[in-house]
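Given next are the chains, with one letter for each unit.
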Amino acid sequence: MSENLPTGKSLTGFYANNKKNINIALGAVGVVVVGYVAYTFLYSKPRQTSAEQALWRVEQWAEMDSMKWVLDGDGQNEGALSIMESYSGTPAAEKAAYYAACAKRNTGDFQGALDLFKDVDFNDNTVGIQAIGNVGDMYVELGQLDEAANWLEKAAKKAMASDSKEALAPVYLMKAARVHLERKDNAKAIAMLQDVVDNFKRTQEYSEAAKMLAFVQAQSK
């Protein structure tokens with residue numbers, strides 16, 4: 001096989017014959033690399049840092065329950081709605097959407113909250129599960145129980161596959177069960193409650209789930 005390999009002389013000849021095209025290709029690669037480095041270190045990272053600093057204030061306002069400031073800022077610093085627009089595409093903007101949604105929910109704007117919760121990255125490990133669950137909660141508030149049940153089950157399923165399984169899965173299973181009861185779908189409610197009873201015996205939700213399950217099963221006979 002070695003006789004088929006190009007020799008140093010043939011490589012030199014190949015370069016000589018194709019020097020212009022090779023130099024153009026190498027130059028294009030160089031431009032891409034330089035552009036990527038410049039974008040990352042001169043634009044992307046500083047932009048994310050600024051977004052995180054702005055988000056930090058929003059988080060403080062949320063802890064203070066200052067919902068107006070969370071949404072619109074305090075006149076000197078940006079609120080969540082502005083961060084979403086100014087830093088679109090950054091992780092901080094995604095979290096800002098979550099805080100804005102919570103603020104609208106807490107002020108009774110359930111449709112506005114629903115729209116914003118749907119803008120949150122559901123794959124985000126920090127707020128994704130809770131965003132899905134909140135979509136379900138907002139549908140409950142809006143009286144759309146079929147959608148509510150669907151989203152609450154999604155939240156429970158995602159929680160079951162996460163590190164927050166024990167903390168969040170039984171919460172959303174219980175919420176889904178209550179919605180199914182309101183929908184007069186006892187079979188699905190029983191399935192949700194049974195899941196809590198079988199798999200979450202050490203959680204706060206277990207006792208209530210066991211009582212509800214016994215009651216619903218008795219009513220369904």
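Residues numbered from 1 in each chain as written. Predicted model: local features only at pLDDT ≥ 70, side-chain atom pairs only at ≥ 80, totals over all residues. Heavy atoms only, no water.

What to know about the overall build of the chain
Note the threshold: Under the scheme used here, helices are H or I runs from DSSP no shorter than 4 residues and strands are E runs no shorter than 2 residues, and both carry numbers assigned from the N terminus. The buried label goes to any residue with under 20% of its type's maximum accessible area, the exposed label to any with over 50%, and the partly exposed label to all in between, with areas taken from a 1.4 Å probe on protein chains only. Contacts are assigned to residue pairs with any non-hydrogen atoms lying within 4.5 Å of each other. Note on areas: Shrake-Rupley with a 1.4 Å probe; residue coverage comes only from the protein chains shown.
Scanning the chain from terminus to terminus reveals ten helices and zero strands. Counting the 221 residues in the chain, one finds 35% classified as buried. By sequence separation, contacts in the chain at least 24 residues apart represent 47% of the contacts at least 6 residues apart. Working note: accessible area of the chain is about 13400 Å², and carbon and sulfur atoms make up 53% of it.

Looking at the environment of Gly-79
Residue position: Gly-79 is located in the loop between helix H2 (67–72) and helix H3 (80–86). Placed 18 residues apart in sequence, Gly-79 and Trp-61 show a C-alpha to C-alpha distance of 9.3 Å. With sequence-adjacent residues up to four places away left out, Gly-79 is seen in contact with Val-58, Trp-61, Trp-69, Val-70, Leu-71, Asp-72 and Gly-73.

Quick word on the nonpolar core
Applicable threshold: The criterion is simple. A nonpolar core is a set of buried Ala, Val, Leu, Ile, Met, Phe, Trp, Tyr and Cys residues joined through side-chain atoms within 4.5 Å.
If you look at the biggest cluster of nonpolar residues, it comprises 57 residues, and the most contacted ones within it are Val-58, Val-70, Tyr-98, Phe-117, Tyr-172 and Leu-193. Beyond its immediate stretch of four places on either side in the chain, Val-70 contacts Val-58, Trp-61, Ala-62, Gly-79, Ala-80, Tyr-99 and Ala-103.

Digging into helix H5 (residues 110–117)
Those residues of H5 not exposed but buried are Gly-112, Ala-113, Leu-114, Leu-116 and Phe-117. Looking at the buried residues of H5, the elements they touch are H3, helix H4 (91–106) and helix H6 (128–141).

Here's the deal with the environment of Asp-65
Within the secondary structure, Asp-65 is located in the loop between helix H1 (8–63) and H2. For the pair formed by Asp-65 and Ala-103, sequence separation is 38 residues and the distance between their alpha carbons is 8.6 Å.

As for the side chain of Asp-137
Mapping Asp-137 onto the fold places it in helix H6. The class for Asp-137 is buried, based on a relative accessible area of 19%. Ignoring any residue separated from it by four or fewer positions in sequence, one finds Asp-137 in contact with Leu-152 and Lys-175.

Concerning the packing of aromatic side chains
Selection rule: For Phe, Tyr and Trp, rings pair up if their centres lie within 6.5 Å, where Trp contributes its six-membered ring, and each pair is then called stacked (planes under 30 degrees apart), edge-to-face (over 60) or tilted (otherwise). Two conditions define a charge sitting above a ring: the NZ of Lys or the CZ of Arg must be within 6 Å of the ring centre, and it must be within 35 degrees of the ring normal.
Inspection of every chain in the model, using the stated rule, returns four aromatic pairs. Residues Trp-61 and Trp-69 carry aromatic rings whose centres are separated by 5.9 Å and whose planes lie at 65° to one another, so their mutual orientation is edge-to-face. Between the aromatic rings of Tyr-98 and Tyr-99, the centroid separation amounts to 6.3 Å while the plane-to-plane angle is 75°, which identifies the pairing as edge-to-face. Classification of Tyr-98 as buried rests on a relative accessible area of 10%. A residue is classified by how much of its surface remains accessible, and Tyr-99, at 22% relative accessible area, is partly exposed. Ring pairs connect the aromatic residues Tyr-98, Tyr-99 and Phe-117, which therefore count as one cluster. Geometry around Trp-151 places Lys-154 over its ring, the cationic atom sitting 4.2 Å from the centre.

Brief notes about the pattern of salt bridges
What counts is decided by this rule: The term salt bridge refers to a pairing of a side-chain nitrogen on Lys or Arg with a carboxyl oxygen on Asp or Glu at a separation within 4 Å.
The full count for this structure, using the stated rule, is six salt bridges. In this structure, the salt-bridge partner of Lys-68 is Asp-72, at a minimum N-O distance of 3.8 Å. Here Lys-68 and its partner Asp-72 are both found in helix H2, four residues apart, which amounts to about one turn of the helix. Residue Lys-68 is classed as exposed on the basis of its relative accessible area, which comes to 61%. A cluster of three or more residues bridged by salt bridges with shared partners is formed by Asp-146, Arg-183 and Asp-185.

Brief notes about helix H8 (residues 165–182)
Note the following rule: Expected span of a helix: the number of residues minus one, times 1.5 Å.
Along its 18 residues, H8 runs 25 Å from first to last C-alpha, staying within 8% of the 26 Å computed at 1.5 Å per residue. Buried within H8 are the following residues: Leu-168, Ala-169, Pro-170, Tyr-172, Leu-173, Met-174, Ala-176, Ala-177, Val-179 and His-180. Of the surrounding elements, those touching the buried residues of H8 are H6, helix H7 (145–160), helix H9 (186–199) and helix H10 (205–219). Downstream of H8 by one or two residues, Lys-184 has phi in the positive range, about 65°.

Comments concerning the confidence of the model for the chain
Put simply, the rule is: For every residue, the predictor states its confidence as a pLDDT score lying anywhere from 0 to 100.
Residues at a pLDDT of 70 or more form 78% of the chain, whose mean pLDDT is 84. In the model, residues 33–44 has pLDDT below 50 throughout and makes six contacts with residues more than four positions away in sequence or in other chains.

Regarding the environment of Met-160
Secondary-structure assignment places Met-160 in helix H7. When sequence neighbours within four positions are dropped, the list of residues in contact with Met-160 reads Lys-165, Ala-169, Asp-195 and Phe-200.

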